[in-house]
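Each chain, written out:
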Amino acid sequence: MQCAEALRVQAYFDGEVDAVSALEVERHAEHCAECRSLLEHLADVRARLRRDLEFASAPPRLRAAIDRALEEETAAARDERAAPGEAVAPGAPAAPRSAHRPRGSWRPRPLWLAGTALAAALALFLIAPWGASPALDELVSAHVRSLMPEHLTDVVSTDRHTVKPWFAGHADVSPVVVDFADQGYRLLGGRADYFEHQRVAAVVYQHGAHLINVFAWAEAGRALPQYTTRSGYHIACWKLGNLQYCAISDTGWDELQGLTRLLRAAGTADTPH
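Here we summarise the structure given alongside this text. Bear in mind the structure is a predicted one, so any value in this text is a computation, not a measurement.

Each value, and the rule that gives it
Residues numbered from 1 in each chain as written. Predicted model: local features only at pLDDT ≥ 70, side-chain atom pairs only at ≥ 80, totals over all residues. Heavy atoms only, no water. Helix = DSSP H or I, 4+ residues; strand = E, 2+ residues; numbered from the N terminus. Contact = heavy atoms within 4.5 Å. Phe/Tyr/Trp six-rings, centres within 6.5 Å; stacked < 30°, edge-to-face > 60°. Buried < 20%, exposed > 50% of the residue type's maximum accessible area, 1.4 Å probe, protein only. Axes fitted to C-alpha atoms, helices over the stretch in contact; angles between N-to-C directions. Parallel < 35°, antiparallel > 145°, perpendicular 65-115°, else oblique. Left-handed = near helix turned anticlockwise from the far one by under 90°. Nonpolar A, V, L, I, M, F, W, Y, C, P; charged D, E, K, R; others polar. Pairing = 2+ DSSP bridges.

Description of the side chain of Thr 228
Argument step 1. Tracing the sequence through the fold places Thr 228 in strand S5 (residues 227-230).
Argument step 2. Setting aside chain neighbours within four positions, we find Thr 228 in contact with Leu 136, Tyr 233, His 234, Ile 235 and Trp 253.

Now the structure itself:
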């Protein structure tokens, strides 16, 4: 008879549960041989798919063409959704789509673009490096959860001397905490999250209309890309001492890298040599 937690175990493996549920599944698997076996089987299947399936990367010119097409589609959609006569600032969020669009305003996406998107989705599902880098998927999930009402911060303060000591009893690490309001990055506070089997520290900044989560945890030996994008969110990662840092936001790359440079410089200055 199948364990009642089997479906939740599969969702956990696919990174589709929140931090609390993930902890519950891990504790359950410690005492349930059937669920431990299920996790091992899922990991084996994914490893075989990654090892045995051939995957050809798109040529740089094709990738550049796809990026340009997506940017043009986004810009066109933003212009269409703007009120008549209303200017749309570059990078501004799109206005809500009207329930009734004018006749003739719909334009089908190019078939090649749809096919490329489908192929990319299948590749992500089949060979996504869950075993090698689950932290990236968990980072995106944690960032999205934090944007829900009353989930952003556990300690609310712009004072680093209030935020940093708070982590001592709530997270497994003590991250770099500095208010960069003068440089455009206002410290909002912090909270504790859970992934990578750790109580992770999250320091929250605001830059304009964008929120930036800076996660810190004990480095687990898994190499993370310095810069990447997942689900539309930019992620910048770096190491400082024995801590792994990752900043994630929907802000632009220049803005995100500006904060990471400030944090790396502050962390380096505070780290004994």
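Some thoughts on the packing of aromatic side chains
Argument step 1. A full pass over the atoms with the stated rule returns four aromatic pairs.
Argument step 2. A centroid spacing of 5.3 Å and a plane angle of 75° characterise the contact between Trp 166 and Phe 167, whose relative ring orientation is edge-to-face.
Argument step 3. The exposure class assigned to Trp 166 is buried, which follows from its relative accessible area of 18%.
Argument step 4. Arranged with centres 5.6 Å apart and planes meeting at 85°, the rings of Tyr 227 and Trp 253 form a pair that is edge-to-face.

A look at the packing of helix H2 (residues 19-31) against helix H3 (residues 33-52)
Argument step 1. Packing of H2 against H3 leaves a shortest axis separation of 6 Å and a crossing angle of 115°. One finds that H2 runs roughly perpendicular with respect to H3. Judged by the twist between their axes, the crossing of H2 over H3 is left-handed. Residues His 28, Ala 29, Glu 30 and His 31 of H2 form the contact with H3, whose participating residues are Ala 33, Cys 35, Arg 36 and Leu 39.
Argument step 2. Partitioned by chemical class, the residues of the contact of H2 with H3 number four nonpolar, two polar and two charged.

Brief notes about the packing of helix H1 (residues 6-13) against H3
Argument step 1. At a closest axis distance of 10 Å, the pairing of H1 and H3 adopts a crossing angle of 40°. Between H1 and H3, the angle is such that the two are oblique. Relative to H3, the crossing made by H1 is right-handed. The residues of H3 that touch H1, namely those facing Ala 6, Val 9, Gln 10, Tyr 12 and Phe 13, are Cys 35, Leu 38, Leu 39, Leu 42, Ala 43 and Arg 46.
Argument step 2. Here the contact of H1 with H3 is built from residues that sort into nine nonpolar, one polar and one charged.

Observations concerning the pairing of strand S7 (residues 243-249)
Argument step 1. The buried count for S7 comes to seven of seven residues, which makes it a mostly enclosed element.
Argument step 2. On S7, burial covers both faces: Leu 243, Tyr 245, Ala 247 and Ser 249 on one face and Gln 244, Cys 246 and Ile 248 on the other are all buried.
Argument step 3. Relative to S7, strand S4 (residues 210-218) runs antiparallel, the two being bridged by six bridges. Residue Ala 218 lies in a different strand from S7, and its bridge partner there is Leu 243.
Argument step 4. Inspection of the sheet shows strand S6 (residues 233-240) paired to S7 by seven bridges, in the antiparallel sense. Across the sheet, the residue bridging to Ala 236 is Ala 247, located in S7.

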